[in-house]
Amino acid sequence: MTTFPLQLRPIDATAAAPAAWLIPGDDPAVWLAEIGGWGVPMMGLRLFVLPRSLRDCRAAGVLVTGAEGLRRECVRRGQAYQLLAGRLYLPADARLDPPVSEAELREKLVWEVQVLHPSIGLVGYRREDAIRVQDLLAPPSRLEADWDRAARPTVVAPRLVTVEPEQPPTVEIIIESARGDIGSEAPDALPPADDESAIDDFLKRAARPGLKTIEWLTSNAGAGALPLPANWIARLRQWARDKREAIDRALLDARHRELQRLRKLFETDVDEALRFAIPFRDTGSRGRAAPGRRLGPRTPLFDLVRLGGGRPADFWDIPPDTQRDLTAKYRAAANRELNLGRYRRAAYIFAELLGDYAAAANALQQGRFFREAATLYLEKLHNKPAAAKCLKEGGVLAEAVVLYEELGEYVEAGVLYTQLERPDEAKRCYRLAVDHAIDRDAFLDAAKLLEFKLDAADEAAALLLSQWPGSYGAASCLSAYFDVLSRHDRHEDAHRRVALLRDELVPDARVEPLAGILSSLSTKYPEPDVRALAADATRVVAGRRLAIARGPEAKALVDAVTRLCPEDRLLRRDAARYLDSGPPVYQLAPAKPKTRLVSQFKLPGSVTWNAVASIGDTFFAAGIEGQHRTVIVRGGWYGTAQKINWANRVDGTWALEPNAAGRSLLLIPLGDQPMATQSASFPPYDGFPEPCRAGVPPWLPGGQILGSGRDENDNVWIVHRPAGGPFATLSAFRAETPQLLATLGPIELFGRDASDGTFIMFRENAPVVARQGHVVVASGRALFHWRPARSGSSWFTGIDLPHPATALVGSPPFTGVRVAVAFENGGIVIWPEGPQKLFGQDMTFPQIGFTRGGLLVAVGGGEARVYRTDGFKVRLQTSFPVEGPEPIAVCPARKLDEFGLITPDGLVRVFDVSDARAT
């Protein structure tokens, strides 16, 4: 037997008298006020309380039966219900679809009284479940008690909100009681080699300080200063110098042996090796300690007391290759500790051995050592956003809220003040957040704060309405305006506004979105009169424009009208005929060009754009407007653009990293990291139904950021280095958590010049491509390739490039892995474990990119070239001229063989090269 689910379809209200009335709300006082105004006898009324859902038994309203003879004009809040088969109540302006006879209903219905609500569903009752009006007024039962034996009440202490230290700890306070470094540890902990006894005896007999004193005295003694012959003084000075140099050579040899034993110990017992690992960070020592030749034991757990230094230290001169090898072993050990969940040990390696305080703080945060992580972020990294988040997660709300206010994160500060039970401070912060949102043109965010945080629904509605029809987000604001009216039962205002919208003339560009909003109101708004008027207004607004509308606009207007009556098949047929009207025109099709310009438009504002990234149908761009602020745009490839204003100007270049869904955007500043991070939101907008969070992440690694890339799993790979250091590190973060996954390196930032053999510094940026487990970093004339199958100290494979790299792009996700590298002239395509092929040899500083279908596009010198890169070959498919300024990026567009070009002045062009693929 075939079964069909019953649904409610809207119809015109019937002329018959309603059988019952539904009063919405959960307040019995509201029910009584409504019933009291009906003017009917209350003794015969029966009330059935409707629950909110099957799992939520709280009242959603009450169905009142027995009010025969009640006139419709006497009802203010009640909604009319009809009765079918003597037991099923449903809205009077609805019918069952498919139709069901009353005999079938009586056969299938189980309960004596059943209510079919549009959103709650089917609810059943026994007749004795009904309550009477007097039940809502019945006084509570009398409680017999002896009132002459009162006892002293228990004084309840106020709720504990937060625990605050009298003085927040700092690194200096924590390390005050204990300062140390590697030079003061026990001298004989690392097992000695078999041939070291002679060295021990030699060093024990050596008196190096006395020899240096003899050298100083004999060098500074003038004629007659010492009662000794001059030639004897020279021989004494030379003897002391020879003895000291012999001791120094023996000391260096002993230290070299010690470092070699440490390297071998990492290969056999990592845990034991960490106890003797020598730190590669600045310990903040004072003066020099006596030189030693042994590495002493240390506790391999993070402790802030060891970060300050302050005592004399013994500095070891470590060769670059040894330092590079040990650094790689340290990072491999840190990755192991992260994977094992031993976060304090990982933090020890990062902070005390490598001086990577950002990675150490991230590890402590993962291990829920929030106070120590916050102290590192504040005292060592000056990263207030990350410190505030740690304090918040650790429950130190009073300190966290101060930092959030200093950062301008007023919404988060308001939430914390609410938790701290300081409502006045919370309202002040929410009001500041509203002002900042309006300054960024984020009117939807401002309206939400006004309505839900400040209880100012009227102000929110007025703000949203003021954006129609002139602002960029006019349609989204108008739709949100009606949502506010619906939530606060301001149906008269909604009715009046719909009537005004029906009669006013709006700009041509606003007719289509207005018709869509009115059509949506006609089916979703809770008040029947508003729904009916919205349906009429939809027909009027669409009808005025349909006579001249063409293409997608005409289809959108027709769809808005057909949605008014989805069950009317004739209307759908007539709409289709209208769109297909007109005699067919036959003409010879011209020869198709290999490329087509399918879209061209300008981004809003007077902005100099310098960074672009795309994901699917959406692209993001960043630039500087005027002299005072940064602008971020979310755009569609066919003309839609949404702009938000940054609070302050951020100089330099950005790396934009959107996630796969386009709902979050990471802005990573290349160069020196800013002192503070910021964030903002793209609210829902015309053409963008989902919000998007954009901001500089607080978990950025320390030092100078050289490049970044995002893989298919939404992991972000960042190349960074300490200020002035010769090595860089590649760190992987899980962007949405955020969580440090691994650190790899070191990557050498110096290379040998091919012309004269001298060492030169590679250029400041190091772009990254991460695809299917492969990570490629370009730095000067070197390409570093990390493979997931390789482990140990050799993380990277180096590939020599013929010229310094200017750009690096990867093939589309989920396709064969290949990377394209651009040079000052032309470029090269590289396959992992495969060949290398040149392209565009005579193009100057080309911008490169892959389409979603895998075609390689190079643009430079007023020309664009399209290449196929399958089968380990690079084949030119087509080329065409490109006028105007050189683009800042070549981005994959919406379709497989489309790409977009964006110039610094904001000109966006989209080209289709699908015909080039077929040739």
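Calculation notes
- Residues numbered from 1 in each chain as written.
- Predicted model: local features only at pLDDT ≥ 70, side-chain atom pairs only at ≥ 80, totals over all residues.
- Heavy atoms only, no water.
- Helix = DSSP H or I, 4+ residues; strand = E, 2+ residues; numbered from the N terminus.
- Pairing = 2+ DSSP bridges.
- Axes fitted to C-alpha atoms, helices over the stretch in contact; angles between N-to-C directions.
- Core = buried A, V, L, I, M, F, W, Y, C linked by side-chain atoms within 4.5 Å.
- Buried < 20%, exposed > 50% of the residue type's maximum accessible area, 1.4 Å probe, protein only.
- Contact = heavy atoms within 4.5 Å.
- Salt bridge = Lys/Arg side-chain N within 4 Å of Asp/Glu carboxyl O.
- Phe/Tyr/Trp six-rings, centres within 6.5 Å; stacked < 30°, edge-to-face > 60°.
- Expected span 1.5 Å × (residues − 1).
- Parallel < 35°, antiparallel > 145°, perpendicular 65-115°, else oblique.
- Left-handed = near helix turned anticlockwise from the far one by under 90°.
- Nonpolar A, V, L, I, M, F, W, Y, C, P; charged D, E, K, R; others polar.

A. Geometry of the environment of G86. Within the secondary structure, G86 sits in the loop between β5 (79-84) and β6 (88-91). With 26 residues separating them in the primary sequence, G86 and E112 have C-alpha atoms 8.7 Å apart.

B. Just the sheet that holds strand β10 (residues 596-602), in detail. The 4 strands lie next to each other as β10-β39-β38-β37, forming an open sheet whose pairing is antiparallel. Because the sheet does not close on itself, it has two edges, and the strands there are β10 and β37 (889-892). Neighbouring strand axes in the sheet, compared pairwise and without regard to direction, differ in orientation by 20 degrees on average. One ladder, built from 5 bridges, connects strand β38 (residues 898-902) with strand β39 (residues 907-912); its direction is antiparallel. For F899, the partnering residue across the bridge sits in β39 and is F911.

C. Just the nonpolar core, in detail. Counting residues in each nonpolar core, the largest one holds 134 residues, and the members touching the most others are Y330 and F482. Among all residues touching F482, those that are not within four sequence positions of it are A494, R497, V498, L501, I517, L521 and Y525.

D. Quick peek at the pattern of salt bridges. Under the criterion given, the structure shown has 39 salt bridges. Across the salt bridge formed by R545 and D508, the nearest N and O atoms sit 3.5 Å from each other. Here the residue R545 occupies a position in helix α22 (residues 528-546), and D508 occupies one in helix α21 (residues 508-524), the gap between them amounting to 37 residues. Taking relative accessible area as the criterion, D508 reaches 49% and is therefore assigned partly exposed. Measuring nitrogen to oxygen at the nearest pair gives 2.9 Å for the salt bridge that ties R865 to D842.

E. View of the sheet that holds strand β35 (residues 863-868). Taken in spatial order, the 4 strands of this open sheet run β33-β34-β35-β36, and their pairing is antiparallel. For this open sheet the edge positions go to β33 (847-850) and β36 (875-881), each flanked by a neighbour on one side alone. This sheet shows a mean twist of 20 degrees between the axes of neighbouring strands, independent of strand direction. Bridging between strand β34 (residues 856-860) and β35 involves 5 bridges; their strand directions are antiparallel. Paired with L856 across the bridge in β35 is Y867.

F. Local environment of the packing of aromatic side chains. Under the defined criterion, the tally for this structure stands at 11 aromatic pairs. With a centroid separation of 5.5 Å and an interplanar angle of 25 degrees, the aromatic rings of F899 and F911 are classed as stacked. Linking F899 in strand β38 with F911 in strand β39, this pair joins segments that are 12 residues apart in sequence. The rings of F880, F899 and F911 are connected pair by pair, giving a single aromatic cluster.

G. Quick look at unusual backbone geometry. With an omega of 5 degrees, the peptide bond between D97 and P98 qualifies as cis. Going from W468 to P469, the amide bond is cis rather than trans, its omega being -5 degrees. With a phi close to 60 degrees, E421 is a non-glycine residue in the positive phi region. In this fold, E421 is placed in the loop between α15 (410-419) and α16 (423-439). Unusually for a residue other than glycine, Q772 sits at a positive phi of about 50 degrees. Positionally, Q772 belongs in the loop between β25 (768-771) and β26 (774-779). Here Q772 falls in the partly exposed class, since its relative accessible area comes to 42%.

H. Structural context of helix α23 (residues 551-562). In a regular helix each residue adds 1.5 Å, so 12 residues correspond to 16 Å; α23 covers 17 Å between its end C-alpha atoms and thus fits that length. Among all positions in α23, only E553, A554, L557, V558, A560, V561 and T562 are buried. Lining the buried residues of α23 we find α21, α22 and α24 (569-579).

I. Seen up close, the packing of helix α13 (residues 384-393) against helix α14 (residues 397-407). Taken N-terminus to C-terminus, the directions of α13 and α14 make an angle of 150 degrees; their axes are 8 Å apart at the nearest point. Relative to α14, the element α13 is oriented roughly antiparallel. With respect to the hand of their crossing, α13 and α14 are arranged in left-handed fashion. Contacts from K384, P385, A387, A388, K389, L391 and K392 in α13 reach L397, E399, A400, L403, Y404, E406 and L407 in α14. A class-by-class count of the residues in the contact of α13 with α14 yields 9 nonpolar, no polar and 5 charged.

J. Structural view of the packing of helix α10 (residues 343-353) against helix α11 (residues 357-366). In the contact formed by α10 and α11, the axes pass within 8 Å of each other and the chain directions differ by 170 degrees. By the angle between their axes, α10 is roughly antiparallel relative to α11. Two secondary-structure elements touch here, α10 through Y343, R344, A346, A347, F350 and A351 and α11 through Y357, A359, A360, A363, L364 and Q366. Taken together, the residues of the contact of α10 with α11 break down into 10 nonpolar, 1 polar and 1 charged.

K. Layout of the pairing of strand β9 (residues 121-125). In the sheet, strand β8 (residues 113-117) pairs with β9 via 5 bridges, with the strands oriented antiparallel. Counted as the bridge partner of V113 is Y125 from β9. Counting the residues in the hairpin turn of β8 and β9 gives 3 residues.

L. Geometry of the environment of A509. Mapped onto the elements of the fold, A509 is located in helix α21. The exposure class assigned to A509 is exposed, which follows from its relative accessible area of 63%. Here the alpha-carbon distance between A509 and E553, two residues 44 residues apart in the chain, equals 9.5 Å.

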